Amino acid sequence: MRILTVNSHEQAGGAERIATELTRGYREHGHTAMLAVGYPKPSESRALALPRERTWPARNPLAPPSPDLPTRRTALRAGREDHFYPSSWDILDLAPERPDLLHLHNLHSWYFDLRALPWLSQQVPTVLTLHDAWLLSGHCAHSLECDRYKSGCGDCPDLGLYPAISADATASNWRMKRELLQASRLYVASPSRWLMQRAEGTLPRAGLVETRVIPQGVATDVFRPGDRSAARARLGLPADAFILLFCANSFRHSSYKDPEGLRLVLTRLSHAWQGPPLLLLALGDEAPDESIGPARLVHVPFQSDPRRVALYYQAADLYVHAARAETFPNVIMEALCCGLPVVASAVGGIPEQVAALNSANGLCESWWAAADHDATGLLYPAGAYDAMAEGIASLARLPELRHRLAENAAATAPARFDMARTVAAYLDWFADILDQGRHDPSPALPSPALPSGWALTLARRLEQAEPVSRLFGFDRGTPVDRVYIEAFLATQASSIRGRVLEAGDDTYTRRFGGDRVKSVDILHATPSSGATLVGDLADPDLLPEGRFDCIILTQVLHFLPDMPAALRNLRRALAPGGVLLATLPGITQISRYDMDRWGDRWRLTRCSANELLKVGFPDDRIELFSHGNAAAATAFLNGLAAEELPAPLLMAHDMDYEVVLAAKVTRCAPGAVPAHPRSRPGGPLILNYHRVTSLSLDPQRLAVRPDRFAGHLEVLRKRAAPMPLAALLEGLRRGDLPDLAVAVTFDDGYADNLHLAAPLLAAHEVPATVFVTAGAIGSDREFWWDELERLFLWPGTIPERLFLPTETGGIGADFTGCATYSPEEWERNAAWTVLDATDPTPRHAFYRRLSRVLHTTGSAQARLHILEGLAQRFGRSLSGRASHRALSAHELRRLAGMPGLDIGAHTMGHGRLSLLEADQQRMEIADSKARLTELTGRSVSLFAYPYGDEGSFTAETRALVKEAGFAAAVTTQPRAACPADDLFALPRLTAPDCDGDGFADWLERAFSGQMNA
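What counts, and where the lines are drawn
Residues numbered from 1 in each chain as written. Predicted model: local features only at pLDDT ≥ 70, side-chain atom pairs only at ≥ 80, totals over all residues. Heavy atoms only, no water. Helix = DSSP H or I, 4+ residues; strand = E, 2+ residues; numbered from the N terminus. Buried < 20%, exposed > 50% of the residue type's maximum accessible area, 1.4 Å probe, protein only. Areas by Shrake-Rupley, 256 points an atom, 1.4 Å probe, with all protein chains shown as cover. Lys, Arg positive; Asp, Glu negative; His and termini not counted. Charge placed at Lys NZ, Arg CZ, Asp CG, Glu CD. Pairing = 2+ DSSP bridges. Contact = heavy atoms within 4.5 Å. Axes fitted to C-alpha atoms, helices over the stretch in contact; angles between N-to-C directions. 1 Å grid on protein atoms, 1.4 Å probe; cavity = no way out; pocket = protein on both sides within 12 Å on 5 of 7 lines; lining within 4 Å. Points joined across faces, edges and corners; volume = space filled by probe spheres on them. Nonpolar A, V, L, I, M, F, W, Y, C, P; charged D, E, K, R; others polar. Parallel < 35°, antiparallel > 145°, perpendicular 65-115°, else oblique. Left-handed = near helix turned anticlockwise from the far one by under 90°. Right-handed = clockwise from strand over helix to strand, strands pointing away. Core = buried A, V, L, I, M, F, W, Y, C linked by side-chain atoms within 4.5 Å. Phe/Tyr/Trp six-rings, centres within 6.5 Å; stacked < 30°, edge-to-face > 60°. Lys NZ or Arg CZ within 6 Å of the ring centre and 35° of its normal. Salt bridge = Lys/Arg side-chain N within 4 Å of Asp/Glu carboxyl O. Patch = residues over 30% accessible without salt bridge, like charges linked within 9 Å, V, L, I, M, F, W, Y side chains within 5 Å. Polar contact = N/O pair within 3.5 Å; in protein donor to acceptor, adjacent residues only side chain to side chain.

1. Quick notes on the overall build of the protein
- Looking only at helices and strands, the protein features 33 helices and 35 strands.
- By principal-axis analysis of the C-alpha atoms, the protein measures approximately 115 × 70 × 45 Å.
- Taking all 1013 residues of the protein together, 56% fall into the buried category.
- Within the structure as shown, the protein displays about 40600 Å² of accessible surface, and the carbon and sulfur contribution to it stands at 51%.
- Side chains of the protein carry 103 positive and 119 negative charges; the gap between the two charge centres is 1 Å.

This is the structure in C-alpha cells:
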C-alpha cells in the first residue's frame, strides 16, 4: 500500500508522536508510507512539507483563491477559523507516487484547508483519526463543561480555549465544519471510546462510512521498567527523594492540562508530609524551580529523545496527571509501560487506560483486593485536589501496595499499549478498505452543502464577483432550466400530436411527439435552415388561422416586446381543442447573445404569467406549473450545470424560487362550455375539508367548528345540489350535471370525521367522501403537522439551540432568551396561522420553516426521524392526543357503513409523491387501496394526492394511480371542475372556517369562478 499520513507537526505532543510512529511502522511492514506535515523539523526531516504560504499556486482548479491580507485579517478578527492554505488541495500530488490511502490526524494548528476534505475523501479512501474534539466544535479542541457543540455552538463561554479565536463566530464555524464533514466520505478512528461516542453523536452520519476505536500505542522496547537507582543516577536526581512525575508539552500554557491544580495538590500534600524529600518533576516546559513547603517543583525542558524520557518514568515513584480534558494521553501509557503507578484526573479516555484501585466514591473496602485484580493506579474527578493529595500520600506510606500496582502495570500495559499492535490494527483496516473495494468516490449521501463540489466551485467564483458560467451552464453540461422544461414536456407528451408548430427547431416535437405527429412547422424570427415560418409572433399575418393542434414555445415569449399580441395570434393559430405548451423564465441570467440581437426583456412570476395568458386566452383553460428551489435557482443563476447538483436537490420544489414557469393552454372548441372557470358560472365544485372540531390552536387552518360546519351544510342543501363525488364525476363525464352541483370531501382520516362530521352530514342529508391515510389507521401517533405544533407552539421550554439534519441538508435555530414559552404568550398567539404575514415569536418562525421542510419531504421515514429527534431533545413523548388522533380500524368500518359516506385512499404515509421513486409511489398508492379495501370490505375507487398542489404529483404519479385501479383522483388546485379536466387531476376548493352567511358568500364566488387561483 501507498499511505500518506498528514499531521500538523513532525515532533511535538502526543498526536504528533503517534503520526510519526505509525508512519515508521507502516514502512517496517513493507509499505510505501510518507508523512506530510505543516511544520517539519528544521533539519534531518524525512517528512514532506505542506507549504503554508497563502499565495501557494495550487494546481487543483477547485482550490479557492486565497484572499488578500486585509480580507483574511477581517475574517480572523470576526472569529472565523483559518482555512486559507491552498496547498492542502495538492496533497495527493506532493508524494512521489499518488497514495492509495490518506491517513489524516490533527487538522487544526493553522496549516490545513478543511474545505479540501470533501474533495480529497472522494479521490482516495480517507481515514481520519480524532485526537481531540476540534472537528465537533466551533473552535475548541475540548469543550470542557460546555455542551453547546451538540446543537450548533454559538454564545461561546471561552473563546480563549485552544485553538483560540478573537470573536464569537463559533456557530458559523460549527455549521461550516458540519457541512464539510457531511459532504465528505470518511473512515473515522479514535483512540478512546469516550471520544468516539461524542463523535458518533455529533458528526453528520452522511459523511461517516465506518468508525473504529483503535487505542494508541507506544514503543514498548523503549518505555519499559528499569532500575530506579540507575535512572536517578543518570539524570542526576536524588536517590532518597520521593519523586512524582508529570509530563506534558508546554503544559503551563495548555487550556486542558491543570498546572494550577497540580500545584494545589503538591501544596496540600506538603502540609502533612513527613516522609523523605518530596520532588515533583514537571517534564515538558521551562520555568524556574519552586519550593512549596518541604516539596520542590522542578521544571524539565521538553525532551525529544524518547529514551531520555523513559529514564524519567523509570526514576519516579508515581506518575501524577491533573487535567481538565484529555483524549487518550500518551504519557499515561508510557508511565504504565515503565511500571509506574498512575494517579490522575478521571477525564476523557483516561479511565480506559488506568485500572483504578479506588471506586468513584472513594477507596475500596480492600485496596489489596483491588490491587490483586490488575489495578494500576488511582483516579479522581477533575478538581478533586484534596482527594488526589490524600491518595498520593497513602501510596507513599504503603510501598508494598505501590509495588503491587507497579507490577500490575508492567505486566498488563505492554500488551495493551504496544505500538506494533496499533500499527497492525490500522493496516488491517486499510487492507479491508482497499481489498474489498469498499471505497466509493461518491458521497455517502447527497449533501446539500457541498454535493459533488458544486458549492465549492460556486464559492470560488463568487469571491471574484464572477459567475461560474455566463452560458447558463451549457459549457459544463445540461442547463438547469432544460431539465425542468423537458420534465414538463414529458408530462404533456400526449398533447404533442397532429399538426405541430415548434420554435427554433423540431427537437422536442420528434422527441416527445413520436408517431402522434402528422406534420411539423418550425418557427424562427429570422431566416434559418429548416424554418418554415419566419417573422414576429406579434404580426397577425404570420401564423395561419386554426392550423395547429399543438404549439411548442420554450423560452421564447420573453424576448418579444409585445407578448399580449403574440399570445392572441397564437390562440388564433390553434385549432379548436389545440394546446399551447409554453415555458417562461423566472430566475435566470440575462442572455447576452439574445440581448444584443433582439432584446432579453421579461422575467415572470406565476401571478404575472397567469394574468398575461388570460389576455391572450380569456375563455380557455390555463394550467400553470412552476419548477425550482433556492439551491437550483442559485446554481442556475450562476451557470452551474444540472449534473453538478444531486438529483433530489435539483428536483425539490419551492414555490418562492421559480426558475421556470410552464403553461399548458387548451383552446376551447366553438360552442363548448369555456374551460376557464371565470366564464363558467354554476360549478361543479368539489369541496375539501379536513376536520370538524373546535381547537385551541389550528396553525394549518384544517378545522371547521361543528356549529359552523352545520351552517355550511344548511347552505349546501338550500343553494346547491350536493351529491356523492362518484356521481358528480359520472355526470361530468356524461355532461348532464345539474346546476350548482357540489361534492363534499375530507382528507386524512381524523377520528372526528366519524364522531362530529358524520352525524351532521347525516342530519342534513349531504353525502361525502373521506380520503383516509391508510398507514395512520389505529396509530397512537399524530400526523406530522400536529406533532410539530405540539412540540413548538404549546407552553414549555425547549433547547436554546437546535440543528436538525434533513433530506436536503439541515435546519437550525437559536432560541437564546426565548426558549421558554409561557401560558400567557400562548394565549396571546393562539390565533396565529401559517397564512399570517408575520411570526410573533422565533418558535413560530421556526415552526413555519420546519413545516415547509417536512411538507417537501417525500419519505415518511425521514419525517419520522426528524420528529423523533426533536422529541428526544425536548424530553417529550410522541404519543398522540385523543383530540388529534386518526380513525381506528373499528371506527373506519363504522364510517364506511354509514349511508352517504364513501371511503377513498390518501396513500399509506401522506408523503409527497413527486419526490419518491416510481416503485415507492406505486407502493404508497396500491398498498393504501389494498389496506382500505381489506378493512372496510368495500371497493375503493377514488384517490386524493397528499397536499394536492401542482408540485405534489407528476404525470407518472397520475399513471400509477390509474394503474392501481382507481377511477379518478383529486388535487387541491383551487377552482371549479369542467368537462375538459383530467379525471386523475381534478380540482378542489378548500372550504373556509366561517359561519353560514360567510360560507354562502364564499360559495357564490366559487360558483361564479372568482375563486380561481
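Back to the text.
2. Comments concerning the sheet that holds strand 17 (residues 533-534)
- Read across the open sheet, the seven strands follow the order 17-16-15-18-19-21-20; overall the sheet is mixed. Each edge of the open sheet is held by one strand with a lone partner, namely strand 17 and strand 20 (621-627).
- Across seven bridges, the pairing between strand 20 and strand 21 (residues 660-666) is antiparallel. Looking at strand 21, one finds that S626 is bridged to L661.
- Contacts from helix 16 (residues 480-491) reach strand 18 (548-554), strand 19 (574-585), strand 20 and strand 21 within the one sheet, and its direction differs from that of strand 21 by about 20°.
- The sheet contacts of helix 20 (residues 606-616) involve strand 19, strand 20 and strand 21, and relative to strand 20 the element is tilted by about 155°.

3. Regarding empty space enclosed by the protein
- Under the counting rule described, the total for this entry stands at seven cavities of 30 Å³ or more.
- A volume near 70 Å³ is recorded for the largest cavity.
- Around the largest cavity, the lining residues are H105, N106, L107, H108, L128, T129, L130, H131, D132, W134 and L135.
- Looking at side-chain class alone, the lining of the largest cavity contains five nonpolar, five polar and one charged residues.

4. Considerations on helix 21 (residues 630-637)
- The complete set of buried residues in helix 21 reads A631, A632, A633, A635 and F636.
- One or two positions beyond helix 21, positive phi appears at G639, with a value near 85°.

5. Section: the sheet that holds strand 9 (residues 278-283)
- Read across the open sheet, the seven strands follow the order 10-11-9-8-12-13-14; overall the sheet is mixed. At either margin of the open sheet sits one strand with a lone partner, and together these are strand 10 (290-292) and strand 14 (377-380). Averaged over all pairs of adjacent strands, the angle between strand axes in this sheet comes to 20°, irrespective of strand direction.
- In terms of strand pairing, strand 12 (residues 318-321) meets strand 13 (residues 342-345) through three bridges, oriented parallel. In the strand pairing of strand 13, Y319 is matched with V342.

6. Side note on the packing of helix 23 (residues 706-719) against helix 25 (residues 752-764)
- Across the interface, helix 23 lies against helix 25 with an axial gap of 10 Å and an inter-helix angle of 30°. When the axis of helix 23 is compared with that of helix 25, the two are roughly parallel. Of the two possible hands of crossing, helix 23 and helix 25 adopt the one that is right-handed. Residues P706, F709, A710, L713, E714 and R717 of helix 23 lie in contact with helix 25, whose contacting residues are L756, A757, L760, L761 and H764.
- Taken together, the residues that form the contact of helix 23 with helix 25 break down as eight nonpolar, one polar and two charged.

7. Notes on the packing of helix 26 (residues 784-792) against helix 29 (residues 860-874)
- It is at 11 Å that the axes of helix 26 and helix 29 come closest, and there the two elements cross at 20°. Compared by their axis directions, helix 26 and helix 29 come out roughly parallel. Considering how the two elements wind past one another, helix 26 and helix 29 form a crossing that is left-handed. Side by side, helix 26 and helix 29 meet where W784, E787, L788, L791 and F792 of the first sit next to R863, L867, L870, A871 and F874 of the second.
- Of the residues belonging to the contact of helix 26 with helix 29, the class tally is eight nonpolar, no polar and two charged.

8. Details of the pairing of strand 16 (residues 517-524)
- Where strand 15 (residues 498-503) and strand 16 come together, six bridges link them in parallel fashion. Directly across from R499, in strand 16, lies its bridge partner S519.
- Between the parallel elements strand 15 and strand 16, the chain passes through helix 17 (residues 507-513) in a crossover that is right-handed.
- Across two bridges, the pairing between strand 16 and strand 17 is parallel.

9. Overview of the nonpolar core
- Judged by nonpolar contacts, the single largest core of 75 residues is most densely connected at F223, L244, L245, Y313, Y319, I332 and I392.
- Take this core: its biggest share by element is seven residues, from helix 12 (residues 385-397).
- Aside from chain neighbours lying at most four places away, what touches I392 is L244, V265, L269, L318, V320 and V343.
- Grouped together as the second largest cluster of nonpolar side chains are 55 residues, L685, F943, F966 and A1000 included.

10. Structural notes on the packing of aromatic side chains
- Overall, the coordinates contain 28 aromatic pairs when judged by the stated rule.
- On the numbers, 5.9 Å between centres and 45° between planes, the contact of Y426 with F430 is tilted. With a gap of four residues between them, Y426 and F430 both fall in helix 14 (residues 419-435), about one helical turn apart.
- Looking at Y426, the relative accessible area reads 2%, which means it is buried.
- Site record: aromatic cluster; members linked through ring pairs are Y750, F783, W784 and W785.
- If you follow R691 out to its NZ or CZ, it ends over the ring of Y750, 4.1 Å from the centre.
- Seen from the ring of F966, K929 lies directly overhead, with NZ or CZ sitting 4.7 Å from the centre.

11. Side note on the pattern of salt bridges
- One pass over the full model with this rule turns up 55 salt bridges.
- A salt bridge links R24 to E21, with the nearest nitrogen and oxygen atoms 2.6 Å apart. Separated by three residues within a single helix, R24 and E21 lie in helix 1 (residues 14-28), roughly one turn from each other.
- Residue R24 is classed as partly exposed on the basis of its relative accessible area, which comes to 37%.
- Ionic pairing is found between R958 and D982, a salt bridge with its closest N-O pair at 3.2 Å. A residue pair is termed long-range when its members are at least 10 positions apart, and R958 in helix 32 (residues 955-963) and D982 in the loop between strand 34 (968-970) and strand 35 (989-990) qualify at 24 residues.

12. Looking at the environment of A1000
- For A1000, the location among the structural elements is in helix 33 (residues 996-1007).
- What makes A1000 buried here is its relative accessible area of 6%.
- Between the C-alpha atoms of A1000 and S254, which are 746 residues apart in sequence, the distance is 76 Å.

13. Looking at a negative patch on the surface
- Among the surface-exposed residues, D536, D539, D541 and D562 lie close enough to one another that they form a single negatively charged patch.
- With a relative accessible area of 35%, D562 lands in the partly exposed category.

14. Description of the side chain of E782
- Mapped onto the secondary structure, E782 falls in the loop between strand 27 (768-772) and helix 26.
- Given the relative accessible area of 7%, E782 is considered buried.
- Among the polar contacts listed, one links the side chain of E782 to the backbone nitrogen of R881, at a separation of 2.7 Å.

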